[in-house]
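One-letter residues, chain by chain:
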Amino acid sequence: MPSRKFADGEVVRGRWPGSSLYYEVEILSFDGKSQLYAVKYKDGTELELKESDIKPLTSFKQRKSSSASSSPSRRRGSRGSRRSRSRSRSPGRPLRGSRRSTSASCQADVKEMRREILEVKLTPLVLKPFGNSISTYNGGPEPKQNEGKDSPHRTMQSHGEGKDKPHRRPQERVTMPHKSSNVSTQYSLRPRREEIKFNEVNSKGEKPLAEEPDLLRTFHVATPPRKEMEFGGVPGALLIMLGLPAVALLLLSLCREDDPSLLRFRPTWPALCDLWEPRAAALYLLWLSVQALFYLLPVGKVVEGLPLVDGRRLKYRLNGFSAFVLTAAVLGAGLLWGLQLHYLFDHFLQLAVAAMVFTAVLSVYLYARAQSAPRDELSPASCGNAIYDFFIGRELNPRVGSFDLKYFCELRPGLIGWVVINLVMLLAEMKVQNRATPSLAMVLVNSFQLLYVVDALWNEEALLTTMDIVHDGFGFMLAFGDLVWVPFTYSLQAFYLVHHPHELSWPLAALITALKLCGYVIFRCANSQKNAFRKNPSDPKLAHLKTIHTSTGKNLLVSGWWGFVRHPNYLGDLIMALAWSLPCGFEHALPYFYVAYFSVLLVHREARDEQQCRRKYGLAWERYCQCVPYRLLPGVY
């Protein structure tokens, strides 16, 4: 095998593909099979070059011209003393000494220009509509900047927060109008000299361009290319919006049946008029109002979120845990004063319907207000289709004054409501089953899920880097998930145990508790390691961790929890979900619906993470995948 000429980390000059210009690059790695060097330009562009396209710095003479030392994306200004004065003039001014006006001379100029232009090698451009000032996603260490799933019902992993720059060729002039996903970016493939000649020819009334190919005309590239719609596009969005409410009502009805088998299910649906209970709707609005009041209290520290497209950082007050404590205090005082929570159990289905109606109204309001929102405040996930944008959310961070609607709904009404519903089910089990104390299975379910919610509220700041906040807009998907799906279906195990008691032995309870703690340790330690690395990568406590440098300026963690699998926080989350379903026994599959649903959700989220990280980090992500081959489950997947 031939020996390599340049070492990793060495600074040399590399030829830009399709041109004869050389720029300073850093050697990243060498592939012995393909005999190609992976290099990084000053603007962060990573390419693979042959050894013949790389030269040492000593082979170039220093000169005052800036073209040879500037990065490919900044080629402006003078080309040195060899460039004539006429080249620095605007394209609209005629050149002195260019007096040829015959048809033959014009055709010769056109042919020469065509030859130069065709030498420019076009490669796919990766353009993002809003840059990368709001880095995606959810779940991984900052290098491997996973945005971890500290939010309990939504998970995302975004690897890095550096800005991605569109790649510009040395002979391209890029003009980007307003930051928008619906306007086009113009790329003029003619060097400045040819633009001057073209303008001069056109000023004389001649039309040599009519016979030339379209390459000589302005080339339009949409910014960005047509967006890919997730979740099956418009048909998938419609199916989800119609199917989720039906599934939620079906699950709640099954829990009341003596035999909750889907094959033998004969639902005893209430009359349509009985599904709407004004008192239940009023109670649900009261609950939202109380949580909104707690959200506005001036307690807790104020932090800044990730940068937006215009450079702004929205401020968020971290008082979710305080709101939980206040809610617990109010409920405790109410129980001491004789407050009866059994009404909530008797009208649980009507409460769910009230939440669905409120979600539908909120989604319509969010879509309507987004029509007048500035383009740079729209969600990167929106695509312009009315149905899909209504589902995924068109506006990224809708606010009424300083009240952030999405941030408020993400944790407070749904998560805290989940704990309250579990408490209602515990009290209902004692009454329905004539028990003096709740069952051990009910205690485990309540305890496990309480720990989960408290952990999310205590680490509320981690929510600001999840996919929900930085990528997805606020529409039906998040509104329904936050306000309906989480509180009314995540409490399924507790609701099931009210009508289907299961006696659990202490040894089995100890094993289930150990499994829960194991999942929690993986989940919390992985997210804590990620957050610590993001805040201070040079922390001496993290000095033992190995990293891979990326073109964004960030690093990918390849050791510790993030060297175990690519999404260790997802793995811990899945183990915990299984642990709080096991106390219900194996008589029916209904309590394990959450585990099945959550597995599909995590695999889908993981696939979205992989796609975005591969697009963003390129070769660095490929090397990371080689170091950490398993995505979610070691040795399996």
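Residues numbered from 1 in each chain as written. Predicted model: local features only at pLDDT ≥ 70, side-chain atom pairs only at ≥ 80, totals over all residues. Heavy atoms only, no water.

**As for the confidence of the model for the chain**
- The predicted model of the chain has a mean per-residue pLDDT of 75, with 72% of residues at 70 or higher.
- The model gives residues 63-106 a pLDDT under 50, and that stretch makes 66 contacts with residues more than four places away or in other chains.
- Here residues 112-225 is modelled with pLDDT under 50, and outside its nearest four sequence neighbours on either side it reaches 358 contacts, counting other chains as well. (pLDDT = per-residue confidence, 0-100. Contact = heavy atoms within 4.5 Å.)

**Digging into the pattern of salt bridges**
- Following the criterion strictly, the structure yields 11 salt bridges and no others.
- A salt bridge links Lys 301 to Glu 461; the shortest N-O distance between them is 3.7 Å. Residue Lys 301 is found in the loop between helix 4 (278-296) and strand 10 (302-304), and its partner Glu 461 is found in the loop between helix 10 (440-458) and helix 11 (467-470); the two are separated by 160 residues along the sequence.
- Residue Lys 301 is classed as exposed on the basis of its relative accessible area of 52%.
- Among the residues examined, Glu 461 registers a relative accessible area of 30% and is labelled partly exposed. (Salt bridge = Lys/Arg side-chain N within 4 Å of Asp/Glu carboxyl O. Helix = DSSP H or I, 4+ residues; strand = E, 2+ residues; numbered from the N terminus. Buried < 20%, exposed > 50% of the residue type's maximum accessible area, 1.4 Å probe, protein only.)

**Side note on the UniProt feature "transmembrane region" (unreviewed entry) in the chain**
- Per the UniProt annotation, the sites labelled "transmembrane region" (unreviewed entry) are residues 236-254, 280-297, 318-337, 349-368, 470-492 and 504-523.
- Taken as a whole, residues 280-297 contains 94% helix and 0% strand, while its terminal C-alpha atoms sit 26 Å from one another.
- Counted over residues 349-368, helix gives 100% and strand 0%. Its end C-alpha atoms are 29 Å apart. (UniProt positions renumbered as here; feature names shortened; annotations may be inferred.)

**Structural notes on a nonpolar patch on the surface**
- A contiguous nonpolar surface patch, about 340 Å² in accessible area, is contributed by Val 603, Leu 633, Val 636 and Tyr 637.
- For Tyr 637, a relative accessible area of 34% translates into the label partly exposed. (Patch = residues over 30% accessible without salt bridge, like charges linked within 9 Å, V, L, I, M, F, W, Y side chains within 5 Å. Areas by Shrake-Rupley, 256 points an atom, 1.4 Å probe, with all protein chains shown as cover.)

**Re the packing of helix 7 (residues 348-370) against helix 12 (residues 476-489)**
- One can describe the packing of helix 7 onto helix 12 by two numbers: an axis separation of 9 Å at closest approach and a directional angle of 170°. The orientation of helix 7 relative to helix 12 falls into the category roughly antiparallel. Our pair here, helix 7 against helix 12, has a crossing hand that is right-handed. Along its contact with helix 7, which presents Phe 348, Leu 351, Ala 352, Ala 355, Met 356, Phe 358, Thr 359, Leu 362 and Ser 363, the element helix 12 presents Phe 476, Ala 479, Phe 480, Leu 483, Val 484 and Phe 488.
- When the residues that make up the contact of helix 7 with helix 12 are grouped by side-chain class, the tally is 13 nonpolar, 2 polar and no charged. (Axes fitted to C-alpha atoms, helices over the stretch in contact; angles between N-to-C directions. Parallel < 35°, antiparallel > 145°, perpendicular 65-115°, else oblique. Left-handed = near helix turned anticlockwise from the far one by under 90°. Nonpolar A, V, L, I, M, F, W, Y, C, P; charged D, E, K, R; others polar.)

**A closer look at the packing of aromatic side chains**
- Per the counting criterion, the structure on display carries 35 aromatic pairs.
- Relative to Tyr 41, the ring of Tyr 23 lies with its centre 6.5 Å away and its plane at 65°, an arrangement referred to as edge-to-face. Within this pair, whereas Tyr 23 is found in strand 2 (residues 22-31), its partner Tyr 41 is found in strand 3 (residues 36-41), the two being separated by 18 residues in sequence. Like Tyr 23, the residue Tyr 41 is buried in the burial classification.
- Relative to Trp 580, the ring of Tyr 452 lies with its centre 5.1 Å away and its plane at 75°, an arrangement referred to as edge-to-face. Taken together, the residues span a long stretch of sequence, with Tyr 452 in helix 10 and Trp 580 in the loop between helix 15 (568-579) and helix 16 (593-617) at a distance of 128 residues.
- The class of Tyr 452 is buried, set by a relative accessible area of 3%. (Phe/Tyr/Trp six-rings, centres within 6.5 Å; stacked < 30°, edge-to-face > 60°.)

**Concerning the nonpolar core**
- Counting 110 residues, the largest nonpolar core has Trp 418, Met 425, Phe 474 and Phe 488 as its most contacted members.
- Listed in part, the 14 residues of the second largest apolar core include Phe 6, Val 12, Phe 30 and Leu 49. (Core = buried A, V, L, I, M, F, W, Y, C linked by side-chain atoms within 4.5 Å.)

**Focus on the sheet that holds strand 2**
- On the basis of which strands lie adjacent, the open sheet formed by 5 strands has the order 4-3-2-1-5 and antiparallel pairing. Each edge of the open sheet is held by one strand with a lone partner, namely strand 4 (46-50) and strand 5 (54-55).
- Judged from the 2 bridges that link them, strand 1 (residues 11-15) and strand 5 form a sheet pairing that is antiparallel. Paired with Arg 13 across the bridge in strand 5 is Lys 55. (Pairing = 2+ DSSP bridges.)

**Regarding the environment of Cys 627**
- Mapped onto the secondary structure, Cys 627 falls in helix 17 (residues 619-627).
- Overall, the relative accessible area of 48% leaves Cys 627 in the partly exposed class.
- The sequence separation of Cys 627 and Val 565 amounts to 62 residues, and the corresponding C-alpha distance is 9.7 Å.

**Digging into the pairing of strand 4**
- Sheet topology places strand 3 next to strand 4; 5 bridges connect them, and they run antiparallel. Looking at the pairing, Tyr 37 lines up with Leu 49 of strand 4.
- Hairpin remark: strand 3 followed by strand 4, antiparallel, with 4 residues in the connecting loop; positive phi at Gly 44, about 95°.

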